[in-house]
Amino acid sequence: MDRRKLLAGAALSGVALGSSGLATGTSAASAAVPAPSDPPFGPATIAPGDPRYDSFRTAFNTRFVGSPGKVVVIDDPAQVATVLAGAAGRTFAVRGGGHCLENFTAAPGIDLLLDLSEMNDISYDAAMGAFAVEAGATLGEVYATLFKGWGVTLPGGSCPEVGVGGHLAGGGWGFLSRRYGLACDHLYAVEVTVLDANGRPRTVVATREPDDPNRDLWWAHTGGGGGNFGVVTRYWLRSAGPAAKDPRALLPKAPRAMRRRIRMWSWDTMTPAAFTRLLHNHADWFTRNSAPGSPAATVWGALFVGHRSSGTLGIVAGVDDDVPGATQLLDAHLSAVSAGVGLTPVLETTEQLPWLDPANWVVEPAGRQKVKNADLAKGFTDAQIAALWKHLGSTDYDNPQALLSLTGCGGEINRPAPGSTATAGRDVLLRAYFTTGNYTTPDDGNLKWIRTMYRDVFAATGGVPVPNGQTAGTYINYPDVDLADPAWNTSGVPWSTLYYRDNYARLQRVKRQYDPRNLFHHALSIEAGA
């Protein structure tokens, strides 16, 4: 969603719809020759004093400004092992060039920053029977190439600037995920350059094949998060099952067009009773309509509650226009969520847009921001809704960019068993996204507002969404270092349980095997353990 335009009530027609040798045991197919490309320019080394250097100091979240000892820009997977071979004893971070919400790639003390943003080739790999995507590609590049070349897509996020490298590693979800599952559910293989106990690099291709000796490394990249095990250089994508001979059958068919509905109300007329009813209705609809395979699982929907200073709050829902009964499905959803609210909308619209229309996608510019997330297995309680009303409706905080979005999950997301991938949240009904948006006022007031609201909403579980049957932890692609801070997490439940639940011990074993020296680490990275 273009949150600023939506919640300010302006331009509402633009609302979005939501190398080294292969490791021993790797199949011959995984050694496919990459598609031809232009001669590499890299690796390009950029040090302080170079006129290019300052462009690499800031991350997507411009609250953080780094000072790496040097930046190495890589534009070919084979260059990674060469660079890492000379990195012994250095503290380094890897950046794909997309979104990074926390201080992982701009933290103090980083000696070497590997930038993969120029490594963005996307092609069909006939030997692997899958689409090969280099880790520096963005989701927008992936969607455009897959659609233009083969008419298929990946059920990933709606922000085209997000880098595929971290997105897939964290699970990846978007508005097609209720219908087709998470992005990582379509991950066939991953290529990772890792460092052994002696600091020597090797490149491993790990697949989801049951007899692959490196299958655990593939598994760890289906929800374990980025920056943990090595440098991802390439992914191969194809849906579960045997490889199709026709690449047009390897991934879900892309929609011809998306049909969406928007209904907005004014904060000036909103009451606590109407607000409570709206949030309960929203959760109740997803409770009734989120079984895998259900016709209603083709519908995605989000409740966007901008802070009172934004002026509006409302519902946005969409469906592939070719789904049988698409209009009726949307009408039923909108009627159910609005029932009993008793207020006159200030905006109501229906639109149909071709798949690659820019209005179907979010353009989320870099800026100062803070984001928090909570997954829910059931809707918010009355006490939680009261806390949301207090903070989102407050008059002593003025930020039209601040909001809560509450997006439906379920459907095919919840079909796999929790341990089949590293993504543990296979029981999630709703995903809550709290954000200050991009602000220009001082940090203190914005950080206090979002942290206090989050703490109050989850006051019954120590200020965080402890998995307990109603709350369901958090999603690693929305990292939040506050979860590791006892000042904000008083639950006694570690941050690792909030993100990974019962999958964490296995992730630690993978960490010990593939990164025994813990060279790849950040504030919320997998801990090797004993």
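In this text, all values refer to a predicted model and were calculated from it rather than measured experimentally.

1. Brief notes about the overall build of the protein
Counting its secondary structure elements, the protein contains 12 helices and 16 strands. Taken over C-alpha atoms, the radius of gyration comes to 22 Å for the protein, in line with the 24 Å a tight globule of 530 residues would show. Once the C-alpha set of the protein is aligned to its principal axes, its extents read approximately 65 × 50 × 45 Å. Looking at the protein as a whole, 60% of its 530 residues qualify as buried. Charge separation in the protein, taken as the distance between the mean sites of 46 positive and 48 negative side-chain charges, equals 3 Å.

2. A closer look at the side chain of Arg 501
With respect to the helices and strands, the residue Arg 501 is situated in the loop between helix H11 (495-500) and helix H12 (504-514). Among the polar contacts made by the side chain of Arg 501, one reaches the side chain of Asp 427 at a distance of 2.8 Å. The residues touching Arg 501, leaving out its near neighbours within four places in the chain, are Ala 424, Gly 425, Asp 427, Val 428, Pro 467, Ala 472 and Ser 496.

3. Quick notes on the packing of helix H9 (residues 382-392) against helix H10 (residues 443-457)
Where H9 meets H10, the closest approach of the two axes is 8 Å, and the angle between their N-to-C directions is 165 degrees. Compared by their axis directions, H9 and H10 come out roughly antiparallel. Crossing geometry of H9 relative to H10 is assigned as right-handed. Of the residues in H10, those in contact with Gln 384, Ala 387, Leu 388, Lys 390, His 391 and Leu 392 of H9 are Trp 449, Thr 452, Met 453, Asp 456 and Val 457. Residues that form the contact of H9 with H10 fall into these classes: six nonpolar, three polar and two charged.

4. Structural notes on the environment of Asn 503
Counting through the fold element by element, Asn 503 comes out in the loop between H11 and H12. Of the residues examined, Asn 503 reaches a relative accessible area of 8% and is grouped as buried. Every residue in contact with Asn 503, bar those within four places of it in the chain, is listed here: Trp 219, Pro 418, Gly 419, Thr 421, Ala 422, Thr 423 and Ala 424. Of the polar contacts made by the side chain of Asn 503, one reaches the backbone oxygen of Thr 421; its length is 3.2 Å.

5. Notes on the packing of aromatic side chains
For the structure on display, the rule yields 22 aromatic pairs. Relative to Trp 300, the ring of Phe 175 lies with its centre 5.5 Å away and its plane at 35 degrees, an arrangement referred to as tilted. Of this pair, Phe 175 sits in the loop between helix H4 (164-169) and helix H5 (177-180) while Trp 300 sits in strand E11 (residues 300-306), and the two are 125 residues apart along the sequence. Trp 300 shares its class with Phe 175; the two are buried. Considering the side-chain rings of Tyr 499 and Tyr 500, the 6.2 Å spacing of their centres and the 50 degrees angle between planes classify their relative orientation as tilted.

6. Some details on helix H3 (residues 139-150)
Taking 1.5 Å per residue, 12 residues should reach 16 Å; H3 reaches 16 Å between its end C-alpha atoms and fits that length. Looking only at H3, the buried set comprises Leu 139, Val 142, Tyr 143 and Leu 146. Projected down its long axis, H3 shows its buried positions confined to an angular sector of 95 degrees, all on one face. Elements in contact with the buried residues of H3: strand E5 (122-125), strand E6 (130-134) and H4.

7. Thoughts on the state of the cysteines
Scanning all chains against the criterion turns up zero disulfides. Here Cys 159 is not cross-linked by a disulfide; its sulfur's nearest cysteine counterpart is in Cys 100, at 14 Å. Judged by its relative accessible area of 13%, Cys 159 falls in the buried class. In this model Cys 409 remains outside any disulfide bridge; the closest cysteine sulfur is found in Cys 184, 13 Å from its own.

8. Let's talk about the sheet that holds strand E1 (residues 44-46)
Ordered by their spatial adjacency, four strands build an open sheet running E1-E2-E4-E3, and the pairing between neighbours is mixed. A strand with exactly one partner marks an edge of an open sheet, and here the two such strands are E1 and strand E3 (92-95). Neighbour to neighbour, the strand axes of the sheet diverge by 20 degrees on average, direction disregarded. Bridge count between E1 and strand E2 (residues 70-73): three bridges; the pairing is antiparallel. Looking across to E2, one finds that Ala 44 is bridged to Val 73. Contacting E2, E3 and strand E4 (112-115), helix H2 (residues 78-85) runs over the sheet at an angle of about 175 degrees to E4.

9. Focus: the UniProt feature "domain: FAD-binding PCMH-type" (unreviewed entry) in the protein
Per the UniProt entry, the sites bearing "domain: FAD-binding PCMH-type" (unreviewed entry) are residues 64-242 in this numbering. Helix makes up 20% of residues 64-242 and strand 25%, with an end-to-end C-alpha separation of 44 Å.

10. A few points about the nonpolar core
By size, the foremost hydrophobic cluster in this structure holds 126 residues, and its most contacted members are Leu 84, Leu 237, Phe 275, Phe 380, Leu 388, Leu 392 and Phe 434. For this core, the leading source of residues is helix H7 (residues 272-288), giving seven residues. Ranked by size, the runner-up nonpolar core spans 13 residues in total, among them Phe 60, Trp 173, Val 428 and Ala 472.

11. Topic: the sheet that holds strand E16 (residues 430-435)
One key point about sheets: their strands pair by backbone hydrogen bonds, in either a parallel or an antiparallel sense. Strand order in the open sheet formed by seven strands is E13-E10-E12-E11-E15-E16-E14, and the pairing between neighbours is antiparallel. Each edge of the sheet is formed by a strand with only one pairing partner; in this case those strands are strand E13 (347-354) and strand E14 (371-376). Averaged over all pairs of adjacent strands, the angle between their axes in this sheet comes to 15 degrees, without regard to strand direction. On the sheet, H9 packs against E11, strand E15 (403-408) and E16 and is oriented at approximately 140 degrees with respect to E15.

12. Focus: the pattern of salt bridges
Under the definition given, this model contains 28 salt bridges. A salt bridge links Lys 370 to Glu 102, with the nearest nitrogen and oxygen atoms 2.7 Å apart. With a gap of 268 residues between them, Lys 370 in the loop between E13 and E14 and Glu 102 in the loop between E3 and E4 connect regions that are remote in the sequence. An identical accessibility class is assigned to Lys 370 and Glu 102; each is buried. Several salt bridges share partner residues, and in doing so they unite Glu 102, Lys 370, Lys 372, Arg 451, Asp 480 and Asp 482 into one network.

The rules behind each value
- Residues numbered from 1 in each chain as written.
- Predicted model: local features only at pLDDT ≥ 70, side-chain atom pairs only at ≥ 80, totals over all residues.
- Heavy atoms only, no water.
- Helix = DSSP H or I, 4+ residues; strand = E, 2+ residues; numbered from the N terminus.
- Rg over C-alpha atoms; globule rule 2.2 N^0.38 Å.
- Buried < 20%, exposed > 50% of the residue type's maximum accessible area, 1.4 Å probe, protein only.
- Lys, Arg positive; Asp, Glu negative; His and termini not counted.
- Charge placed at Lys NZ, Arg CZ, Asp CG, Glu CD.
- Polar contact = N/O pair within 3.5 Å; in protein donor to acceptor, adjacent residues only side chain to side chain.
- Contact = heavy atoms within 4.5 Å.
- Axes fitted to C-alpha atoms, helices over the stretch in contact; angles between N-to-C directions.
- Parallel < 35°, antiparallel > 145°, perpendicular 65-115°, else oblique.
- Left-handed = near helix turned anticlockwise from the far one by under 90°.
- Nonpolar A, V, L, I, M, F, W, Y, C, P; charged D, E, K, R; others polar.
- Phe/Tyr/Trp six-rings, centres within 6.5 Å; stacked < 30°, edge-to-face > 60°.
- Expected span 1.5 Å × (residues − 1).
- Arc of directions from axis to C-beta.
- Disulfide = S-S within 2.5 Å.
- Pairing = 2+ DSSP bridges.
- UniProt positions renumbered as here; feature names shortened; annotations may be inferred.
- Core = buried A, V, L, I, M, F, W, Y, C linked by side-chain atoms within 4.5 Å.
- Salt bridge = Lys/Arg side-chain N within 4 Å of Asp/Glu carboxyl O.

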